[in-house]
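Observations on the model geometry
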Amino acid sequence: THTKTPSTNIAKLKSPSNMTFSPTPKGVASRPLHEALRALDRSVQCERCFDWLFLPRSNERTKEEAKVFSALIDHCKNTKQRHARKAACKCSSIYQNQSIKGVSRRLEFDFYLPKRQMVVEYDERQHFTVERQITLEFYNPQFFQFDIDRWLSICSGRVNDGDPPCRDWQRAFRDTVRDFRANQHGVKLVRLYYRDFDITTLKQRKTTDLLASMLDV
């Protein structure tokens, strides 16, 4: 297991986006969580962008991001023939050159609590894959505010989502960029497992107390 500390040279990188946010979340599933967060912090922002949060080209990746990316590409090359729909993945060329075309480079966090300098990511089923497990093996738990071992356990045994091709490893890489760069910029990032915050759970529990405990606020 790799436990690399993210480097701090990310502040020198430029971003194509401005700091923006939305008053409401994009996904229907995360709306109950949004309401619960608002009970803790009325200023909570959704889909929050930062000028340092973007999909890096090959010459913009930190050393740690490059290692994770390489591991994901190797896995894709070694396993894509096992999945008929994944066989079309062009993992050898996607994101490899300095010009990333056809995709949005801008990334965002699900929620941002300005008063606490905290971001919250709501991880649904599609975030727990074999590829995500690969990325998490590069994490040093002391630098992150969620249970790495639990996330690894949930990812274990999950199958690939081959439609569209390459989706799993691209999503896993984007999640890694979010995690590493939040840490590098002194922003506390908390990931919440969707089954802990489904609609039924939110109705049955005192959600403000539950969130306050999980977010340590």
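An account of the accompanying structure is given in this report.

About the criteria used
Residues numbered from 1 in each chain as written. Predicted model: local features only at pLDDT ≥ 70, side-chain atom pairs only at ≥ 80, totals over all residues. Heavy atoms only, no water. Helix = DSSP H or I, 4+ residues; strand = E, 2+ residues; numbered from the N terminus. Buried < 20%, exposed > 50% of the residue type's maximum accessible area, 1.4 Å probe, protein only. Pairing = 2+ DSSP bridges. Axes fitted to C-alpha atoms, helices over the stretch in contact; angles between N-to-C directions. Salt bridge = Lys/Arg side-chain N within 4 Å of Asp/Glu carboxyl O. Arc of directions from axis to C-beta. Contact = heavy atoms within 4.5 Å. Polar contact = N/O pair within 3.5 Å; in protein donor to acceptor, adjacent residues only side chain to side chain.

Glancing now at unusual backbone geometry. Phi is positive for E47, which is not a glycine, with a value near 50°. With respect to the helices and strands, E47 occurs in strand β1 (residues 45-48). The class of E47 is buried, set by a relative accessible area of 12%. One non-glycine residue with positive phi stands out, namely Q117, at about 50°.

This part takes up the sheet that holds β1. Taken in spatial order, the four strands line up as β1-β2-β3-β4 in an open sheet, and their pairing is mixed. Where the open sheet ends on each side, the last strands, each with one partner, are β1 and β4 (188-193). On average, adjacent strands in this sheet sit at an angle of 35° to one another, irrespective of strand direction. Both strand β2 (residues 109-113) and strand β3 (residues 118-123) contribute to a ladder of three bridges, which runs antiparallel.

As enumerated under the stated definition, the model contains 16 salt bridges in all. Ionic pairing is found between R181 and E65, a salt bridge with its closest N-O pair at 2.8 Å. One end of the pair, R181, is in helix α5 (residues 167-184); the other, E65, is in helix α2 (residues 63-79), with 116 residues separating them in the sequence. Here R181 falls in the buried class, since its relative accessible area comes to 0%. Its salt-bridge partner being D196, residue R150 comes within 2.9 Å of it at the nearest N-O pair.

Here we come to helix α4 (residues 148-155). Of all the positions in α4, only I148, W151, L152, I154 and C155 are classed as buried. Summarising the axial view, the buried residues of α4 lie within an arc of 165°, below the 170-degree limit, and thus occupy one face. Residues D149 and S153 are exposed on α4 and point more than 90 degrees away from its buried face. Buried residues along α4 sit in contact with β3, α3 (130-136) and β4. Its side-chain oxygen 3.2 Å from the backbone nitrogen of D149, D147 forms the N-cap of α4.

Interpretation in functional terms is not warranted from these geometric data alone.
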